[in-house]
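Commentary on secondary and tertiary structure
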Amino acid sequence: MRVYITAAAAGADAGDVVMKPKAPPQGQQQQQQAARRGWRSAVVTGLLAGVLLFRAALLAVEAGASLCPSAAGCLDWRAGLGRWLYGGAGGDAMEEFMKEWRRNHREATLLDPVVVEAAPDSLDALMAEMGAMLASYDDRLDMEAVAIKMMAMLLKMDRKVKSSRVRALFNRHLASLGIPKSVHCLTLRLAEEFAVNSAARSPVPPPEHAPRLTDASCLHVALVTDNVLAAAVAVSSAVRSAADPARLVFHVVTDKKSYVPMHSWFALHPASPAVVEVKGLHQFDWRDGGVIASVMRTVDEVQRSSLEYHRRCDGSAEREHRRLEASKPSTFSLLNYLKIHLPEFFPELGRVMLLDDDVVVRKDLTGLWEQDLDGNIIGAVGAHEGGGVCIDRTFGDHLNFSDPTVSGVHSSQCAWSWGVNIIDLDAWRRTNVTETYQFWLQKNRESGFRLWQMASLPPALLAFDGRVQAVEPLWHLPGLGWRVPDPEMLQFSAVLHFSGPRKPWLEVAFPELRQLWLSHLNASDSFLQGCGVVDWQ
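In this text, all values refer to a predicted model and were calculated from it rather than measured experimentally.

With respect to the state of the cysteines
- Taken as a whole and judged by the stated rule, the model has 1 disulfide.
- Between the sulfur atoms of Cys 185 and its disulfide mate Cys 531 the distance is 2.1 Å. The sign of the -70° torsion about the S-S bond sets the Cys 185-Cys 531 disulfide as left-handed. One end of the pair, Cys 185, is in helix 6 (residues 181-196); the other, Cys 531, is in the segment after helix 20 (526-530), and 346 residues separate them in sequence.

What follows is the structure in structure tokens.
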């Protein structure tokens, strides 16, 4: 059924005799035409006000606010306003329109994509089309056609907004993956310096400091990274914040590709009085066949998972999602997964503090080093004991508990994270944690990655379950790559962790947080100046 608004006289009673009027004079005709045009404009304005309110609500929702619960809700409110503004006649028109709107809203998904694509792109274009419709229908307005046209326009606007949001998220994702030109330049400059400058090739650490690498009285800090600039800031901030920096010994483990620039940096920038050791994966001389087999099993599993992850996709949407996930540096970074072999990396150490490279140390680490782990293997923030509210995320945020393979743990358990950990290597060696980690890596691959989205933390949550000691939250403030925390938390926390996409060496980093990170770089350093790293400040 089509509904029309007509220009019949509102004042005629049912009992009146309607007689065919004589043709009015020409001046009177012009007045009637002007009045008719004014009436049409009022009707169009009333209808389009709903679109304006929808647009305002859409922008408000994008900004985190909400003026009305839905587009229809906004128009319901507009209907009441129409009755107040235009009286009975205007209200009747709006009510008829709202009936058509609600009916067509339910059928919106059935609109022909061609109709949606042909919908007006602006309010001016819609006004022009509405004017043409009024003129063509000669005193009548097809409310169904109006409702369909407005619905198509709103759907087109909604799709444009969603498309823009997806593009913005995708561009931000790409920005978080890239290596800035300044960081790439620094890596190349350091590699060149290693080739031409004997000082850059000098032993790290110097031979006279080698005994401290296994000294149990020292505070041993492990960094597993291929990022030279990030490692430089982590070491510099820890030394600057230490009460006794001479006790600090840093063990930097990197891959073969990054070994030369990493060695060159710490050879030319010693962290005295602390000691820094730089070791590439190719330099570990494991003589135990079992150790070699265990490490190679992890390497092989990560490589197989990478191939399978790209291969398993059912449609274009999933394929694009997998591409984005796989493009994140942490997804298939071998160094991230090789942290499970810390006992093999440091066979002569009994305890080590593990830091991620995207951290800034603000307080002395001695208190973390002296934490009593109560027989557990690892100490971490977030591993909550007993009931209460989790500090960060839960197991359910990392693992898919709808799969029966995930058993023995609860989705409500508080999850810990890498970033700032104290580890008892001796206790680790007495368990099968490494083998359990490898087992879960394999199970996830064989399940088609249904147990969790590919990452290094979920299998660690399962492998270390029941062997994690909660430490005070002040030791680890994560998430600085996602949000800007409260200033009091920044001041209170011992270690700031830039976990998340907005790393401090990227242009997408939060400016106020980036300055905390940049303050630990020497702005007068020739390498940093030559590559434009200090230009960020």
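Focus: the pairing of strand 5 (residues 275-280)
- The buried count for strand 5 comes to 5 of 6 residues, which makes it a mostly enclosed element.
- Here strand 4 (residues 248-254) pairs with strand 5 via 6 bridges, running parallel. Bridge pairing in strand 5 links Val 253 to Lys 279.
- Note that the unit made of strand 4, helix 8 (residues 256-268) and strand 5 has a crossover that is right-handed.

Re the pairing of strand 9 (residues 420-424)
- Summarising burial for strand 9: 5 of the 5 residues are buried, a large majority.
- The pairing of strand 6 (residues 351-355) with strand 9 spans 5 bridges and is classified as antiparallel. What sits directly across from Val 352, in strand 9, is Ile 423.
- With 3 bridges joining them, strand 8 (residues 378-380) and strand 9 adopt antiparallel strand pairing. Looking at the pairing, Gly 379 lines up with Ile 422 of strand 9.

Side note on the nonpolar core
- Ranked by size, the top nonpolar core spans 63 residues in total, and within it Phe 250, Phe 266 and Trp 517 carry the most contacts.
- In this structure Phe 250 touches Val 221, Val 235, Ala 238, Val 239, Ala 274, Val 275, Val 276 and Glu 277, once residues within four positions along its chain are discounted.
- Judged by nonpolar contacts, the second largest core, of 49 residues, contains Val 224, Leu 399, Trp 418 and Leu 425.

Looking at the side chain of Thr 436
- Structurally, the position occupied by Thr 436 is in helix 16 (residues 433-446).
- Of the polar contacts made by the side chain of Thr 436, one reaches the backbone oxygen of Asn 432; its length is 2.9 Å.

Examining the side chain of Asp 356
- Note on placement: Asp 356 falls in the loop between strand 6 and strand 7 (359-361).
- Given a relative accessible area of 17%, Asp 356 falls into the buried group.
- When neighbours within four sequence positions are excluded, Asp 356 is seen to be in contact with Leu 223, Lys 339, Trp 418, Gly 419 and His 497.

Quick notes on the pattern of salt bridges
- Under the definition given, this model contains 6 salt bridges.
- Asp 285 serves as the salt-bridge partner of Arg 287, at 3.0 Å between the closest nitrogen and oxygen.
- For Asp 285, a relative accessible area of 54% puts it in the exposed group.
- Across the salt bridge formed by Lys 503 and Asp 358, the nearest N and O atoms sit 2.5 Å from each other. A residue pair is termed long-range when its members are at least 10 positions apart, and Lys 503 in the loop between strand 11 (495-497) and helix 19 (511-518) and Asp 358 in the loop between strand 6 and strand 7 qualify at 145 residues.
- Residue Asp 358 is classed as buried on the basis of its relative accessible area, which comes to 4%.

Some words on the environment of Val 495
- Position of Val 495 relative to the elements: it lies in strand 11.
- In this structure Val 495 comes out as buried when scored by relative accessible area, which is 0%.
- Remark: the alpha-carbon pair of Val 495 and Ser 237, spanning 258 residues in sequence, is separated by 9.6 Å.
- For Val 495, the contacting residues outside a window of four places in its chain are Val 359, Val 360, Val 361, Leu 365, Val 420, Leu 474, Trp 475, His 476 and Leu 477.

So, unusual backbone geometry
- Residue Pro 205 is bonded to the preceding Val 204 through a cis peptide linkage, with omega at 5°.
- Checked against the element boundaries, Pro 205 lands in the loop between helix 6 and strand 3 (219-224).
- A cis amide bond links Ser 272 to the next residue, Pro 273, at an omega of 5°.
- Relative to the helices and strands, Pro 273 resides in the loop between helix 8 and strand 5.
- Phi is positive for Asp 374, which is not a glycine, with a value near 55°.
- In this fold, Asp 374 is placed in the loop between helix 13 (366-369) and strand 8.
- A positive phi angle, near 65°, is found at Phe 449, a position not held by glycine.
- Mapped onto the fold, Phe 449 is located in the loop between helix 16 and helix 17 (457-463).

Details of the sheet that holds strand 4
- Strand order in this open sheet of 7 strands is 5-4-3-6-9-8-10, and the pairing throughout is mixed. A single partner strand is all that each edge strand has here, and the edge strands are strand 5 and strand 10 (468-470). Neighbour to neighbour, the strand axes of the sheet diverge by 25° on average, direction disregarded.
- The strands touched by helix 7 (residues 228-241) within the sheet are strand 3, strand 4 and strand 5, with strand 4 carrying the most contacts at an inclination of about 170°.
- The strands touched by helix 8 within the sheet are strand 4 and strand 5, with strand 5 carrying the most contacts at an inclination of about 160°.

Things to note about helix 19
- Buried within helix 19 are the following residues: Leu 513, Arg 514, Trp 517 and Leu 518. The buried residues of helix 19 occupy an angular sector of 140° when projected down its axis, which confines them to one face.
- Packing partners of the buried residues in helix 19 comprise helix 7, strand 7 and helix 18 (487-492).

Here we look at the packing of helix 9 (residues 289-311) against helix 16
- Helix 16 packs onto helix 9 with a crossing angle of 20° between their chain directions and a minimal axis gap of 10 Å. Put simply, helix 9 runs roughly parallel to helix 16. Here helix 9 and helix 16 pass one another in a crossing that is left-handed. For the pair helix 9 and helix 16, contact is made by Ser 294, Arg 297, Thr 298, Glu 301, Arg 304, Ser 305 and Glu 308 and by Thr 434, Gln 438, Phe 439, Leu 441, Gln 442 and Arg 445, respectively.
- Broken down by class, the residue content of the contact of helix 9 with helix 16 amounts to 2 nonpolar, 6 polar and 5 charged.

Digging into the packing of helix 6 against helix 8
- Running from N to C, helix 6 and helix 8 cross one another at 75°; their axes reach a closest spacing of 8 Å. With respect to their mutual orientation, helix 6 and helix 8 come out roughly perpendicular. Packed against helix 6, whose contacting residues are Leu 186, Thr 187, Leu 190, Ala 191, Glu 193 and Phe 194, the element helix 8 presents Val 260, Pro 261, His 263, Ser 264, Trp 265 and Leu 268 at the interface.

Quick notes on the rules
Residues numbered from 1 in each chain as written. Predicted model: local features only at pLDDT ≥ 70, side-chain atom pairs only at ≥ 80, totals over all residues. Heavy atoms only, no water. Disulfide = S-S within 2.5 Å. Helix = DSSP H or I, 4+ residues; strand = E, 2+ residues; numbered from the N terminus. Buried < 20%, exposed > 50% of the residue type's maximum accessible area, 1.4 Å probe, protein only. Pairing = 2+ DSSP bridges. Right-handed = clockwise from strand over helix to strand, strands pointing away. Core = buried A, V, L, I, M, F, W, Y, C linked by side-chain atoms within 4.5 Å. Contact = heavy atoms within 4.5 Å. Polar contact = N/O pair within 3.5 Å; in protein donor to acceptor, adjacent residues only side chain to side chain. Salt bridge = Lys/Arg side-chain N within 4 Å of Asp/Glu carboxyl O. Axes fitted to C-alpha atoms, helices over the stretch in contact; angles between N-to-C directions. Arc of directions from axis to C-beta. Parallel < 35°, antiparallel > 145°, perpendicular 65-115°, else oblique. Left-handed = near helix turned anticlockwise from the far one by under 90°. Nonpolar A, V, L, I, M, F, W, Y, C, P; charged D, E, K, R; others polar.

Interpretation note: all reported values are geometric properties and have no functional meaning in isolation.
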